[in-house]
Amino acid sequence: MTRTLLKRLALFFPSTFAVVTAVFFLGRALPGDPGEILLGEGAAAEARLEWRRAEGLDLPLHVQYGRFLAGLARLDLGRSLRTGRPVVLELGEALPETLRLGTAALILTVLLAFPLALAAGRGSGWLRAGASAFSSASLALPSFLLGPLLLLALAVETPFFPVSGSDEPGALFLPAVTLAVPSSAFLSRVLAAALREEAGRDYLRAARARGLGALPAFLRHALPNALPAGVTVLGLQAGALLTGAIFTEKIFRWPGLGSLTLSAISGRDYPVVQGAVILFAVVTLSATLLADLAAAALDPRGRDGG
């Protein structure tokens, strides 16, 4: 396990640094002048120049990059160009809402994926076909299309749930389902494939030859051995749920990181965009790291000396 941890950490830190560097330079490559957006198109050139000088945007890129890294080391992501507030505060207010939505979507993903995987990997012919058809249809239906459909069907035509926001009861359900359905379809297919592979192993036939029933042998031996593959994918899905929440939050007007990021992009608010993307990347990489470690702990072949 120690060896696995060191290997994953050796990938974690360079990946994070690469993301930080890419975010900084790609943010500066965005078209448009934030000074013109904030001050208005009619603002004098001298006023825009003075604003850029005050924000340090007139400095060479390598100097801006050095200042950015130094601030990041102190967890100082600068101030929002639009509101003047520290970026850490902007992100700190939006992060709990995104985590709330992402956690609900992750729970729904597991609750949907597990029975689908069992049906596709172990069920009878019609049950397996139905689970596979549902998974294929869900994978072909992206969140930015599923969200408006659910919104139209369950919030507009038949007002069972709120149209937008996060304060009303039931407001969490539609955006969580929007995120969970495609994720659960992908996870169920991976789990089903692992279950079918384990079902043909010699150890399972040996367990049945010793008198263990087909279903107990499957649940006791095949299922635990298939779980590491599902746990690894679940870690990837956890990060994907956060990044996928960008569009889902916009559709449902959910006050989280996704809505904040899109508003910052449209307003050329470089510090907020940088901070949000870095936060997304760190959370995604951390979820992947934890999932890899959990999969290694569940699979004896992934442990040191295994």
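Residues numbered from 1 in each chain as written. Predicted model: local features only at pLDDT ≥ 70, side-chain atom pairs only at ≥ 80, totals over all residues. Heavy atoms only, no water.

## A word on the overall build of the protein
The helix and strand inventory of the protein stands at 12 helices and zero strands. Order of helices (α) and strands (β) in the protein, N terminus to C terminus: α-α-α-α-α-α-α-α-α-α-α-α. Counting over 306 residues, the protein shows a buried share of 39%. About 15800 Å² of surface is accessible on the protein, with carbon and sulfur atoms providing 67% of the total. Here the protein holds 27 positive side-chain charges and 22 negative ones, and the gap between their average locations is 13 Å. (Helix = DSSP H or I, 4+ residues; strand = E, 2+ residues; numbered from the N terminus. Buried < 20%, exposed > 50% of the residue type's maximum accessible area, 1.4 Å probe, protein only. Areas by Shrake-Rupley, 256 points an atom, 1.4 Å probe, with all protein chains shown as cover. Lys, Arg positive; Asp, Glu negative; His and termini not counted. Charge placed at Lys NZ, Arg CZ, Asp CG, Glu CD.)

## Here we look at the environment of leucine 75
Structurally, the position occupied by leucine 75 is in the loop between α4 (61–73) and α5 (87–122). Under the relative-accessibility criterion, leucine 75 is labelled exposed at 68%. In the structure, leucine 75 is positioned 192 residues away from glycine 267 in sequence and 23 Å away in space, judged by C-alpha atoms.

## Brief notes about the nonpolar core
In this structure, Leu187 and Leu195 are the most contacted members of the largest nonpolar core, which totals 14 residues. Looking at this core, the elements that each hand over two or more residues are α5, α8 (173–199), α9 (202–209) and α10 (214–252). If one sorts the elements of this core by residue count, α10 sits on top with six residues. Residue contacts for leucine 187: discarding those within four places in its chain leaves Thr109, Ala113, Gly230, Val233 and Leu234. Listed in part, the 13 residues of the second largest apolar core include Leu91, Ile246, Leu257 and Val273. (Core = buried A, V, L, I, M, F, W, Y, C linked by side-chain atoms within 4.5 Å. Contact = heavy atoms within 4.5 Å.)

## Topic: the pattern of salt bridges
Taken as a whole and judged by the stated rule, the model has six salt bridges. Note that aspartate 269 is salt-bridged to arginine 82, the shortest N-O span being 3.2 Å. Remark: arginine 82 occurs in the loop between α4 and α5 and aspartate 269 occurs in the loop between α11 (257–266) and α12 (270–298); sequence separation between them is 187 residues. On the basis of relative accessible area, aspartate 269 is assigned to the buried category, the value being 0%. A salt bridge links glutamate 90 to arginine 85, with the shortest nitrogen-to-oxygen separation between them at 3.7 Å. Overall, the relative accessible area of 29% leaves arginine 85 in the partly exposed class. (Salt bridge = Lys/Arg side-chain N within 4 Å of Asp/Glu carboxyl O.)

## Looking at the packing of α11 against α12
Between α11 and α12, whose axes approach to 9 Å, the crossing angle comes to 145°. Handedness of the crossing formed by α11 with α12: left-handed. On the side of α11, the interface is formed by Leu257, Gly258, Leu260, Thr261, Ala264 and Ile265, while α12 contributes Val272, Val273, Ala276, Leu279 and Phe280. When grouped by side-chain class, the residues that make up the contact of α11 with α12 number nine nonpolar, two polar and no charged. (Axes fitted to C-alpha atoms, helices over the stretch in contact; angles between N-to-C directions. Left-handed = near helix turned anticlockwise from the far one by under 90°. Nonpolar A, V, L, I, M, F, W, Y, C, P; charged D, E, K, R; others polar.)

## A word on the environment of aspartate 269
In this structure the C-alpha to C-alpha distance between aspartate 269 and glycine 235, which are 34 residues apart in sequence, comes to 30 Å. In terms of polar contacts, aspartate 269 uses its side chain to reach the side chain of serine 80, at 2.5 Å. Side-chain polar atoms of aspartate 269 contact the backbone nitrogen of leucine 81, separated by 2.9 Å. (Polar contact = N/O pair within 3.5 Å; in protein donor to acceptor, adjacent residues only side chain to side chain.)

## Observations concerning the packing of aromatic side chains
How two aromatic rings sit relative to each other is given by the distance of their centres and the angle of their planes. This structure, assessed with the given rule, holds six aromatic pairs. Centroid distance phenylalanine 24 to phenylalanine 25: 5.0 Å. Interplanar angle 90°. Geometry classified as edge-to-face. (Phe/Tyr/Trp six-rings, centres within 6.5 Å; stacked < 30°, edge-to-face > 60°.)

## Regarding the side chain of glutamate 249
Its location among the elements puts glutamate 249 in helix α10. Despite its burial, glutamate 249 remains without a salt bridge, the nearest opposite charge being carried by lysine 250 at 9.7 Å. One polar contact links glutamate 249 to threonine 98, side chain to side chain, over a distance of 2.8 Å. Residues in contact with glutamate 249, not counting those within four places in the same chain, are Thr98, Leu101, Trp254, Gly256, Leu257, Gly258 and Ser259.

## Digging into a nonpolar patch on the surface
Where nonpolar side chains cluster on the molecular surface, the patch consists of Phe144, Leu145, Leu149 and Phe247 and spans about 430 Å² of accessible area. Take the nonpolar patch: its biggest share by element is three residues, from helix α7 (residues 143–157). Locating phenylalanine 247 in the fold gives a position in helix α10. (Patch = residues over 30% accessible without salt bridge, like charges linked within 9 Å, V, L, I, M, F, W, Y side chains within 5 Å.)

## Regarding α8
The largest bend in α8 is about 30°, located at alanine 180, with the proline proline 182 one to four residues further on. Burial of α8 is extensive: 19 of the 27 residues sit out of reach of the surface. (Bend = angle between axes of the 7 residues up to and from the residue.)

## Side note on the packing of α5 against α11
Here α5 crosses α11 at 135°, and the two axes come no closer than 7 Å. Compared by their axis directions, α5 and α11 come out oblique. Of the residues in α11, those touching α5 at Glu90, Leu91, Ala94, Leu95 and Thr98 are Leu257, Gly258 and Leu260. Counted by class, the contact of α5 with α11 contains five nonpolar, two polar and one charged residues. (Parallel < 35°, antiparallel > 145°, perpendicular 65-115°, else oblique.)

So yeah, pure geometry; function would need other evidence.
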